[in-house]
Amino acid sequence: MSEIPTRSQAAQITRAPQGAIRRGAAPGGAAAGLTGRDVLRIVRKRKWWIILSVLISSAITTAVTLLWSLYAPFYTTSAYVEVNPPTRGALAGAPGLYGKDIMDRLVMDHSRMVKRQNVLDRAAKSERMTNTAWYRKDPGGVINRLIDKIGVSPVANTNFIQISMTGTAPDDQDKVELAEIVTAVAEAFVHDTRVIATEGLLTQMEQLTSERGNYQTDLDAVRRDMAEARPADIPIIQERRNVLTIKLQVLTTQLTQLELAKVQAQAALEAVLKQEADGVLGQSSEVLIAMDADPTLRALRAAEVNLATERDNLLRKFGPKHRTVENFETRLASLRKEISDREKELLQIQISALKEIRAANLAATDFQLNEVQLKYKEATAGAKDLEALLARLAEYEVREKALTDNIKRLNNRLLELRLMWLNEEPLTLRSPATKPRFPSMPKWGIMMPLGVILGLVVGLGLAFALELMDTSIKSPMDVSRRVDLPVLGMVPHIDDLDEEIDNLYLAFRSSSPGSLLMESFRQIRTCLLFSGPASQRRRLLITSPLPEDGRTVVALNLAAAIARGGRKVLVVDANFRQPMIHKIFTEHAGGGLSSSLVGQSDWRDSVQQVEPNLAVMPAGPLPPNPAELLGSEQMQQLTTEMVSEYDQVIFDGPPCLVVTDAPIVSTIMDGVVLVVRAGANTTGIVQRTRDTLARIGTHVLGVVLNGTRATAGGYFRKSYDQFYEYQSQSRLPAEPQEQSPPDGKLPSAPAPSP
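Residues numbered from 1 in each chain as written. Predicted model: local features only at pLDDT ≥ 70, side-chain atom pairs only at ≥ 80, totals over all residues. Heavy atoms only, no water.

**Thoughts on the pairing of strand S3 (residues 160–168)**
Alright, step 1. Where strand S1 (residues 74–83) and S3 come together, 9 bridges link them in antiparallel fashion. By the bridge assignment for S3, Glu82 is matched with Phe160.
Alright, step 2. In this sheet, S3 lies alongside strand S2 (residues 150–154) in antiparallel orientation, the contact comprising 5 bridges. Residue pairing across strands places Pro154 opposite Ile161, the latter belonging to S3.
Alright, step 3. Taking the residues that link successive antiparallel strands as the turn, the S2-S3 hairpin has 5 residues, and the phi of Asn157 there is positive, at about 60 degrees. (Pairing = 2+ DSSP bridges. Helix = DSSP H or I, 4+ residues; strand = E, 2+ residues; numbered from the N terminus.)

This is the structure in structure tokens:
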């Protein structure tokens, strides 16, 4: 069933594009991982598996622990060796030399020496060891057995080392021998450490002293080099470096400016030369201004103007043939020639002067650039020398620190060795091993929690394994994540309903209007109503992947919900293979869809009115060619006539994966509603159905999840409880009548059911 909406919730549906099914669903739902809600659901659903696993594991752990403690318990015995600080000598009176870090290191160093070959050889030859039955069992392999059995560990926050051994001890003699073996190893360890302290420490101290002398020689050499390289005053060197850095920044700026000025001067000179080559230099503003400033040329031009004025006066007075006019013309031509010669002379002078100015600017800029470059090189060289000097001094300081640290490290190590050498008794056997009284393993406080944890892990693993192996569709989340189709609604399983329903096909007649079952069909109706324009949803095909998925139940009850909303609905049985409507409504006279398709009767004669606004039409006699008949032009014409008289026509089709009838009928439908039985249809089957319909361009409106269970961990347990609790508190009001949307327009949303 679907989750009962509250007043603050609106019907939600993911719409697929018109004429096609959405692609890209993750195969098997593997793309989307488990969420926290999924984990909680799985745990609640499989809680009895988990509890049973914990109980079985706890029972097995109890039995194993009991048998282990009765027949083969483990006993552990330990000896404790104390690491002693130095107690005599000149350094013994300085407690600060034996700080916690030094003593912890001594304890750790000694604990690593317990399983040395010399220690185990001495222990194997001792009288304590050779008198035991454990030794006589395999004298040749006693060393290897000691390495495997002996355990060594420093005791935290103390100067003690624990030497222990664990084994089975059926009788008291075996327990005594276990203690004797551990004591033999502890005594051999104390003796061997005393030998090492008196013989090996002096040799090691001599080697470290020689190494320290080499480091000291290198340190003296480094300090001499530092004294020779270090100037009198380091701050002055650093100040000079800072001054040179600032000077380099200024010179860099000047170099950039001068290089730009040189480029500009070079460009100006080249521009003058190009204008001269093109013969247009005389027209430049600089040349023209210089020529206009020449007094001789200005006087000649003024005389030309005056002479031309007198000539014009004489020309008007005497005419062009007069001798006086001709004299003036001769004088004017001579003056103009003189002006032209003067202009040419001035032009050559100005061009030469302009070229000389551009060349002089370029030379001056280049000279300044060379001077700044020389200063920059000198400053750069000085800065490099200072940097090299400071880097060399820094290198000396690093080497000096490294040598000093090495000498300090050697001094510390020599101090440790000297303390060990001065110690008369580095180790003391404070507590020999004794016969163990109680088993060390098994321990109920450890075994039982481990058994419970193991059972819990196995139970959870089994629960998740069963859940992951189950590929059936159980919830709307499985549909959306694994199949990538919208969910129109969910129909509850009949066993989860509070009321008795004898016939699910006619549940709309026997169920109360406020029942959970009818509420689920009303929600499916609402989702269909708001999934698109009503005019594009008038012919619907109800199909499913396999038989017995509940197609007819959904078709009839959904049609009843739509009819009670005020729309005129016709349900047509289009399943020629296994028709059902004629068995449900036995009072039908005869005929049906097949008779109408072959022209034996009018389809209106086969329609039976079962409720106000609700009519049904059986399949009729079984035709020999159902697929061809359903895909014929008569079928398309027949559906067109039906939608002209009914607001909604619902076709109850056959299963999609069993026969080809449903895909053929879907091509002439406005939409397809896919019925999926929860817990029965697998992901692969539903995906195959989706792909089959997608290949022919069918518009799948969504999925109706039929038979949804409300078991513990199920999808709608809480929703069921809330629905029935709410129904018990208030009576369900009468459902408002829904009017068919005129002109295919979407009607306003109905008030949500309480």
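**So, the sheet that holds strand S9 (residues 614–617)**
Alright, step 1. Across the sheet, which stays open at both edges, the 8 strands sit in the order S5-S12-S11-S6-S10-S7-S9-S8 with mixed pairing between neighbours. In this open sheet, the two strands that pair with only one neighbour each are strand S5 (487–492) and strand S8 (608–611). Adjacent strand axes in the sheet meet at a mean angle of 25 degrees, parallel and antiparallel pairs treated alike.
Alright, step 2. Two strands pair when backbone bridges link them, and strand S7 (residues 569–573) and S9 are joined in this way by 4 bridges, in the parallel orientation. Across the sheet, Val569 pairs through a bridge with Leu614, a residue of S9.
Alright, step 3. On the sheet, helix H17 (residues 551–564) packs against strand S6 (539–543), S7, S8, S9, strand S10 (648–652), strand S11 (671–677) and strand S12 (700–708) and is oriented at approximately 170 degrees with respect to S10. (Axes fitted to C-alpha atoms, helices over the stretch in contact; angles between N-to-C directions. Contact = heavy atoms within 4.5 Å.)

**Focus: helix H4 (residues 117–125)**
Alright, step 1. Among the residues making up H4, those that are buried are Val119, Leu120, Ala123 and Ala124. Each buried residue of H4 sits inside an arc of 130 degrees when the element is viewed along its axis, so together they form one side. (Buried < 20%, exposed > 50% of the residue type's maximum accessible area, 1.4 Å probe, protein only. Arc of directions from axis to C-beta.)

**Examining the nonpolar core**
The tendency in soluble globular proteins is for nonpolar side chains to be buried as a group.
Alright, step 1. Core analysis: the biggest nonpolar cluster contains 41 residues, and Leu570, Val572, Leu593, Trp603, Met617, Met642 and Phe651 have the highest contact counts within it.
Alright, step 2. The element that contributes the greatest number of residues to this core is helix H21 (residues 633–645), accounting for 4 residues.
Alright, step 3. Contacts of Met617, omitting those with residues within four sequence positions, involve Leu570, Val571, Val572, Asp573, Ile581, Gly592, Leu593, Ser596, Trp603, Ser606, Val607 and Met642.
Alright, step 4. The next biggest cluster of nonpolar side chains, apart from the first, holds 39 residues, and it includes Leu506, Val553, Val554 and Ala555. (Core = buried A, V, L, I, M, F, W, Y, C linked by side-chain atoms within 4.5 Å.)

**Brief notes about the environment of Met518**
Alright, step 1. On the secondary structure map, Met518 appears in helix H16 (residues 516–529).
Alright, step 2. Met518 gets classed as buried once you look at its relative accessible area, which sits at 2%.
Alright, step 3. Along the primary structure Met518 and Asn557 are separated by 39 residues, whereas in three dimensions their C-alpha atoms are 7.8 Å apart.

**Let's talk about the side chain of Thr65**
Alright, step 1. Relative to the elements of secondary structure, Thr65 occurs in helix H2 (residues 47–71).
Alright, step 2. Looking at Thr65, the relative accessible area reads 0%, which means it is buried.
Alright, step 3. In this structure Thr65 touches Pro442, Trp444 and Met447, once residues within four positions along its chain are discounted.

**Some thoughts on H17**
Alright, step 1. The end-to-end C-alpha distance of H17, which contains 14 residues, comes to 20 Å, matching closely the 20 Å that a straight helix rising 1.5 Å per residue would cover.
Alright, step 2. Taken across its 14 residues, H17 has 13 buried, putting it largely inside the fold.
Alright, step 3. Gly566 occupies a position one or two residues after H17 and carries a positive phi of about 105 degrees. (Expected span 1.5 Å × (residues − 1).)

**Regarding a nonpolar patch on the surface**
Alright, step 1. Taken together, the side chains of Leu66, Leu67, Leu70, Tyr71 and Trp444 make up a nonpolar region of the molecular surface, amounting to roughly 590 Å² of accessible area.
Alright, step 2. A per-element tally of the nonpolar patch places H2 first, with 4 residues. (Patch = residues over 30% accessible without salt bridge, like charges linked within 9 Å, V, L, I, M, F, W, Y side chains within 5 Å. Areas by Shrake-Rupley, 256 points an atom, 1.4 Å probe, with all protein chains shown as cover. Salt bridge = Lys/Arg side-chain N within 4 Å of Asp/Glu carboxyl O.)

**Some words on the sheet that holds S3**
Alright, step 1. Pairing within the open sheet is antiparallel, and its 4 strands lie in the order S2-S3-S1-S4. Of all strands in the sheet, those with a lone pairing partner are S2 and strand S4 (427–431), marking the two edges. In this sheet, adjacent strand axes meet at a mean angle of 30 degrees when their direction is disregarded.
Alright, step 2. Two strands pair when backbone bridges link them, and S1 and S4 are joined in this way by 4 bridges, in the antiparallel orientation. Bridged to Val83 within S4 is Leu427.

**Some thoughts on the pattern of salt bridges**
Alright, step 1. Per the stated rule, a full pass over the model turns up 17 salt bridges.
Alright, step 2. A salt bridge links Asp366 to Lys262; its shortest N-O distance comes to 2.9 Å. Placement of the pair is Asp366 in helix H12 (residues 323–422) and Lys262 in helix H9 (residues 234–278), with a sequence separation of 104 residues.
Alright, step 3. Exposure remark for Asp366: the relative accessible area of 25% places this residue in the partly exposed category.
Alright, step 4. Judged by relative accessible area, Lys262 falls into the partly exposed class, the value being 31%.
Alright, step 5. When salt bridges that share partners are traced, they join Arg128, Glu180 and Glu187 into one network.

**Here's the deal with the packing of H16 against H17**
Alright, step 1. It is the contact of H16 with H17, at a shortest axis distance of 9 Å, that shows an interaxial angle of 75 degrees. The angle between H16 and H17 places the two elements in the roughly perpendicular class. Every residue of H17 that contacts H16 at Met518, Phe521, Arg522, Ile524, Arg525 and Leu528 is listed here: Val553, Val554, Asn557, Leu558, Ala561, Ile562 and Arg564.
Alright, step 2. Each residue belonging to the contact of H16 with H17 can be placed in one class, and the counts come to 9 nonpolar, 1 polar and 3 charged. (Parallel < 35°, antiparallel > 145°, perpendicular 65-115°, else oblique. Nonpolar A, V, L, I, M, F, W, Y, C, P; charged D, E, K, R; others polar.)

**Quick look at the packing of aromatic side chains**
Alright, step 1. All chains considered together, the criterion is met by 2 aromatic pairs.
Alright, step 2. Judged by centre distance (5.5 Å) and plane angle (90 degrees), the ring pair of Trp68 and Phe74 falls under edge-to-face.
Alright, step 3. Ring centres of Trp603 and Tyr646 lie 6.5 Å apart, and the angle between their planes is 55 degrees; on these two criteria the pair is classed as tilted. Here the residue Trp603 occupies a position in the loop between helix H19 (593–597) and S8, and Tyr646 occupies one in the loop between H21 and S10, the gap between them amounting to 43 residues.
Alright, step 4. Judged by its relative accessible area of 2%, Trp603 is buried.
Alright, step 5. The aromatic ring of Trp134 is capped on one face by Arg145, whose charged end is 4.1 Å from the ring centroid. (Phe/Tyr/Trp six-rings, centres within 6.5 Å; stacked < 30°, edge-to-face > 60°. Lys NZ or Arg CZ within 6 Å of the ring centre and 35° of its normal.)

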